[in-house]
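This is what each chain is made of:
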Amino acid sequence: MKPKILWIEDEATGDMSSFAGPVYASMKYEFVIAGNASEGIRRIIEAESSPFLAVIVDIRLQPGDTEEWIDYFGQRGKDPKAARLGRELLYWLFKHEQANVKLMDKRPQWIVNQQHRFGILSVETKEELKKDLDELGITEHVTKKEDTPHTVLLDMIKKLVPKISNPARESEA
Amino acid sequence: MSDCSNVAELIEKLKQVDLPVGYYVVEKDGRFLYANKLLLDLLHLKADNYLQASIADKYANPEERKTFVDIVLGAAARNQQPPKQVISFTVEGREIFVQDHCWPIYNPPESQKLVGFVGSLVDVTEEERYRRKLPVGVYRVNPEGMVVYVNQAMVKMLKYGSPEDIVDKKSVGELYFNPEKEKEFSDLLKEKGEVVDKKVELVKSDGQTIWVSASAYPLGDPKVDWVSREGVLVNVTVEELYRQIMEYVPVGLYRVLKKDGKNILHDCNRQFDEMFGFAPGTANGQRAEIVHVSPEDTVKYEKAIRDADLLGQPLVGYVLRTKKQDGTIIFIEANTRAIHKRGESGTEKGEIIGRIGALRDITNEVALREQVKEFTEDFGAVLHEYSSALLMLRESTDSALESLGQDPFPKVGEITPRVADQSLSEPVSKFIDSLIRLRSQMSVNRQPANLTPEEFEDLDNYQVLLKNPEKYIPEPALRLPAIRDAVKNILNLLDKFESSSQYQEQIKDVKRNAEEVLRICSLIYMHKAGNAILSLGKQVRAVRNFVTFHIREDRRDMHFVSKLIDQAVSEWADFAHIRNVEIKLDYIHPNVILNVSKDDVVRAMANLLHNAIKYSWERKQGVPPWVDIRTRVVQKWVHIEFEDWGVPIPADEIKNDVLFRIGVRGRLSSDRERGGTGVGLADARRVAQRYGGDVTIVSRPADSKGKPDNYKQPFLTTVTLRLPIFSN
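Residues numbered from 1 in each chain as written. Chains lettered and ligands numbered in written order. Predicted model: local features only at pLDDT ≥ 70, side-chain atom pairs only at ≥ 80, totals over all residues.

Scanning chain A from N- to C-terminus turns up eight helices and five strands. Along chain A, from the amino end to the carboxyl end, the secondary structure elements read β-α-β-α-β-α-α-α-β-α-β-α-α. Split into buried and exposed, the 173 residues of chain A put 45% on the buried side. By sequence separation, contacts in chain A at least 24 residues apart represent 70% of the contacts at least 6 residues apart. (Helix = DSSP H or I, 4+ residues; strand = E, 2+ residues; numbered from the N terminus. Buried ≥ 20, exposed ≤ 12 C-beta atoms within 10 Å, placed from the backbone. Contact = placed C-beta atoms within 7 Å.)

Structure, rendered in structure tokens:
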């Protein structure tokens, strides 16, 4: 069984599709894409019995079909830049009390103290997100720029699972 | 003063003349010594006993007799003719008013020994009643400052119940909100001999204040240290409140009137004074040109006022360069209306004799506008550079496409993931077959390939993926980058194979096939880039037009609406082709003419058409999507409708008008596959509103039975551009 990777990114099949190429091409991962915040949370919750080894999150996300996300998105002028739903998603997971979007109280157990499995791939710079990264305890962050290599996603995954030389075999073991 | 020193002699003389007025002689205490028949009739006195009566008994307010006598004696003391005074008498229970013109009688004549009075009485009841019913307050004050008469209008004005509540009970100072002001009024009266239309604040019985315009004249000689007076009051509270508000509104108000060929400032408010650095009240009387920077500015400004006046309108929003008294230049926004003389026929306007206006200091705004204009021009130039760069990029992609050899794809048009899959299918199969052949040969001959076990595993993985990409990559859009990467990675691994290998030919074959796969991938990417550049170029142009909207000249001309639509359609014909969307012109009124700026309206239409193309879905399998354009004429308006069948616009977005906010895109439309800047609708509405029109949106389920909140179904969206018809 291959290790599971989750990429929460609303442009995964659009402008960011080239980032997915190397991950698929490697054939080493069970690669799951969530196109919005609602789907991202759903995937994370459903992974209780089979957790993700790495989760890469974009900051500017669409809300999807969950009422709470839609409401919050609406309050922020339906502007992904202002709503920063990826940030809200991470706060709900790791700093529940500070989250602006109040989902159900029960969060998945597998994410507890697992910030090291999470990375952020967004247009925001590290400086812009420093406070949040510190608060959340997330260290892996890459800024999307015009010169970002198309292997960035795969590189991040490798960093997030550095001790697994052959993830597929490790996972099976 | 009577010439007769002897009262009896005077009476005898009076008896011998027959004057057509009532006249009398009384002792100094007012007791009658003589009255002619007219007077007896007037006062209803009887000839046989009137000598026992006193004229003072007839006074409606006996206190007034003293005031009357004082005034008469005061005048006599100054050798002046005593004034005629109107007195209220009560006769048979009825109030009458008489005008009493009376002289004192001294005996001997040159002495100060007063023995009586001789006078005439004229019945002025009718005139006085009219005066008392005037809708203005009328009052009289005695030399002690007590109010001795008020009319009903004044009683009502001051909210008292009756004249008796004031007369002899209130000093005039008590009626003033600030008694000091009463002294000022009185002093002014003494100094000027009359006071006309002086604004005074009085206090009503309920404690509230009232502003009146007071006019008064003295009874007696104002040069002496006491003055009784009579006057009228007009309630000007509302006007005064407005005037006070006008003093503090942040707008300079003024009036200019021509006098002896000069424009003279009048009625300048406090803000006007402050705006131009005058001491309070000192702008009035100055020449208007004192605030103008140059005679040319004055001429231009006055011409603008005349031009507006010819159209029957005030001059609005005129930016005038002016100067303060210290020479500082300030910019003001002038809103000015011409003042006319009355025309000769009495109805039409005569010549312009002045102007009235409101001024606003916009110096900071002008500076800001200049900055914005500069910034806008700079930004426009930057966007122009972008457009040029994009044009160059487009040429580069075209050139690159040509250099990539035979191109199986159409020059314009979107390459869908399905088409990409089909195009790659055969080259990828050939590549995999050649790779399998190579590896099987090597395996049979046990030829080392210089690869690590991990690299062998990678090679296996890539091979598995390329044999069946649909199985491992369910999302079609993601197959192309994965295939490209897998092939490139295999090529990298092939480089590690033994260079002296006996399988050079097979390796070359694999590489040749790999290059074909990568060539097709490159072609697809170059087409995508070319399309994206085309779309981006249009967006940059839209943003540039939007940003520079206000600094471009508004060039209006007559245009057939059909021609404007044709031009908008031609703007996006390529894009529609790329999207495989057909543009249908349903019914376009051929003769509707608009008086508009062609560039702006075509751009507005193009914006709406672009959206309609972007958000169109295929209505039937195998039938390309289409957009309908049609016009409707509603009274004096033409409605140009752009209708698509596809992406819904949620009801709340329409209701809250969010789509017209700059930079905002609908939540169901904000994917980058449908590029957009979020300025198109805002720009279109701004253009429409420049002509008094608007842009409106209706979006409803394409299936009339569909639930209006189910946004997964196709919606029929109609965006209407409404513009005024010049002629039809």
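A few words on the overall build of chain B. Per the secondary structure count, chain B includes 21 helices and 22 strands. Burial status across chain B gives 32% buried among its 728 residues.

Our focus in this paragraph is the interface of chain A and chain B. Residue-level contacts link 16 residues of chain A with 22 residues of chain B. Along the lines of polarity and charge, the residues of the side of chain A that touches chain B split into five nonpolar, seven polar and four charged. (Nonpolar A, V, L, I, M, F, W, Y, C, P; charged D, E, K, R; others polar.)

A word on helix H8 (residues 237-248) of chain B. Working note: α-helix, 3.6 residues per turn, so residues spaced by three or four point in the same direction. With twelve residues, H8 of chain B should reach 16 Å at 1.5 Å per residue; the first-to-last C-alpha distance of 17 Å fits that figure. Here H8 of chain B lies mainly on the outside; zero of its twelve residues are buried. (Expected span 1.5 Å × (residues − 1).)

Next up on the list: the nonpolar core. Counting residues in hydrophobic clusters, the biggest one holds 75 residues, and the most contacted among them are Ile 5, Leu 153 and Ile 157 of chain A together with Ile 483 of chain B. Contact partners of Leu 153 of chain A, with chain neighbours within four places excluded, come to Trp 7, Phe 19, Ala 20, Pro 22, Val 23, Ile 56 and Leu 121 of chain A. In this structure, Trp 572, Val 596, Leu 659 and Tyr 691 of chain B belong to the second largest nonpolar core, which totals 40 residues. (Core = buried A, V, L, I, M, F, W, Y, C linked by C-beta atoms within 7 Å.)

Turning our attention to the sheet that holds strand E13 (residues 315-323) of chain B. Residues and elements named next belong to chain B. Read across the sheet, five strands follow the order E12-E11-E15-E14-E13 without closing on themselves; strand pairing throughout is antiparallel. The open sheet has two edge strands with one neighbour each: strand E12 (262-266) and E13. Between one strand axis and the next, the sheet turns by 35° as a mean value, whatever way the strands run. By the bridge criterion, ten bridges tie strand E14 (residues 329-342) to strand E15 (residues 349-361) in an arrangement that is antiparallel. Considered in E15, the bridge of Glu 333 is made with Arg 360. Its contacts with the sheet place helix H10 (residues 295-310) against E13, E14 and E15, and it is angled at close to 170° to E13. (Pairing = 2+ DSSP bridges. Axes fitted to C-alpha atoms, helices over the stretch in contact; angles between N-to-C directions.)

Our next topic: the packing of helix H17 (residues 561-571) of chain B against helix H19 (residues 598-614) of chain B. Residue and element names in this part refer to chain B. Running from amino to carboxyl end, H17 crosses H19 at an angle of 55°, the nearest separation of the two axes being 8 Å. Taken together, the axes of H17 and H19 lie oblique to each other. For the pair H17 and H19, the sense of crossing is right-handed. Here H17 contributes Leu 564, Ile 565, Gln 567, Ala 568, Val 569 and Glu 571 to the contact with H19, which in turn contributes Lys 598, Val 601, Val 602, Met 605, Ala 606 and Leu 609. Looking at the contact of H17 with H19 residue by residue, the class counts come to nine nonpolar, one polar and two charged. (Parallel < 35°, antiparallel > 145°, perpendicular 65-115°, else oblique. Left-handed = near helix turned anticlockwise from the far one by under 90°.)

Residues and elements named next belong to chain B. Pairing is mixed in the open sheet, where five strands are placed in the order E17-E19-E20-E22-E21. Both edges of this open sheet fall to strand E17 (582-585) and strand E21 (694-701), since each of them pairs with a single strand only. Averaged over neighbouring strand pairs, the angle between their axes works out to 20° when direction is ignored. Examined bridge by bridge, E21 and strand E22 (residues 715-724) share eight bridges and lie antiparallel to one another. Within the sheet, the bridge partner assigned to Val 698 lies in E22 and is Thr 718. Sheet strands in contact with H17 are E17, strand E19 (626-634) and strand E20 (637-646), and its direction is about 30° off that of E20. On top of the sheet, helix H21 (residues 680-690) reaches E21 and E22; it is set at about 135° to E21, its chief contact.

So, on to the pairing of strand E7 (residues 147-150) of chain B. Residue and element names in this part refer to chain B. Bridge count between strand E6 (residues 137-141) and E7: three bridges; the pairing is antiparallel. Of the residues in E7, the one forming a bridge with Val 141 is Val 147. Between E6 and the antiparallel strand that follows it, E7, lie five residues; Gly 145 among them carries a positive phi value of about 90°.

What follows is about the environment of Pro 427 of chain B. Residue and element names in this part refer to chain B. Mapping Pro 427 onto the fold places it in helix H12 (residues 417-444). Note on Pro 427: 20 C-beta atoms within 10 Å, which makes it buried. The spatial distance from the C-alpha of Pro 427 to the C-alpha of Val 517 is 5.4 Å, given a sequence separation of 90 residues. Look past the residues within four positions of Pro 427 in its chain and what remains in contact with it is Asn 513, Glu 516, Val 517 and Ile 520.

Moving on, we come to H21 of chain B. Residues and elements named next belong to chain B. Turning to H21, its buried residues number three or more, namely Gly 680, Leu 681, Asp 683, Ala 684, Arg 685, Val 687 and Ala 688. Along its buried surface, H21 packs onto helix H16 (504-547), H19, E21 and E22. In the segment just after H21, Gly 692 is the residue with positive phi, at about 85°.

Let's shift gears to the packing of helix H15 (residues 479-494) of chain B against H16 of chain B. For any two helices packed against each other, one specifies the inter-axial angle together with the distance between the axes. All names here are of chain B. The N-to-C vectors of H15 and H16 enclose an angle of 150°; their axes lie 10 Å apart at closest approach. In terms of axis orientation, H15 runs roughly antiparallel to H16. Our pair here, H15 against H16, has a crossing hand that is left-handed. Counted together, Leu 480, Ile 483, Arg 484, Val 487, Lys 488, Ile 490, Leu 491 and Leu 494 of H15 and Ile 507, Val 510, Lys 511, Ala 514, Val 517, Leu 518, Cys 521 and Ile 524 of H16 form the full contact between these two elements.

For chain B, mean pLDDT is 86; residues scoring 70 or higher make up 94% of the total. Ranking the elements of chain B by mean pLDDT puts helix H4 (residues 125-132) of chain B last, at 79, and E22 of chain B first, at 95. (pLDDT = per-residue confidence, 0-100.)

Excluding glycine, residues mostly carry a negative phi; peptide bonds, for their part, are mostly trans. Residues and elements named next belong to chain B. A cis amide bond links Asn 107 to the next residue, Pro 108, at an omega of -5°. Following the sequence through the fold, Pro 108 ends up in the loop between strand E4 (94-106) and strand E5 (114-123). Phi at His 44 takes a positive value of approximately 55°, unusual for a residue other than glycine. Its place among the elements puts His 44 in the loop between helix H2 (37-42) and helix H3 (63-77). On the basis of neighbour count, His 44 is assigned to the partly exposed category, with 13 C-beta atoms found within 10 Å. Positive phi outside glycine occurs at Asp 260, with the angle close to 55°.

This prediction gives chain A a mean pLDDT of 89; 92% of its residues lie at or above 70. Averaged pLDDT values over the elements of chain A bottom out at 45 in helix H8 (residues 167-172) of chain A and peak at 97 in strand E3 (residues 54-57) of chain A.

Residues and elements named next belong to chain B. Looking at the element boundaries, Ala 604 is found in helix H19. Overall, Ala 604 belongs to the buried group, with 30 C-beta atoms counted inside 10 Å. On a C-alpha basis, the gap between Ala 604 and Gly 680 in space is 7.4 Å, while along the polypeptide they are 76 residues apart. Excluding anything up to four places from it in sequence, Ala 604 contacts Asp 683, Ala 684, Val 687, Ala 688 and Leu 721.

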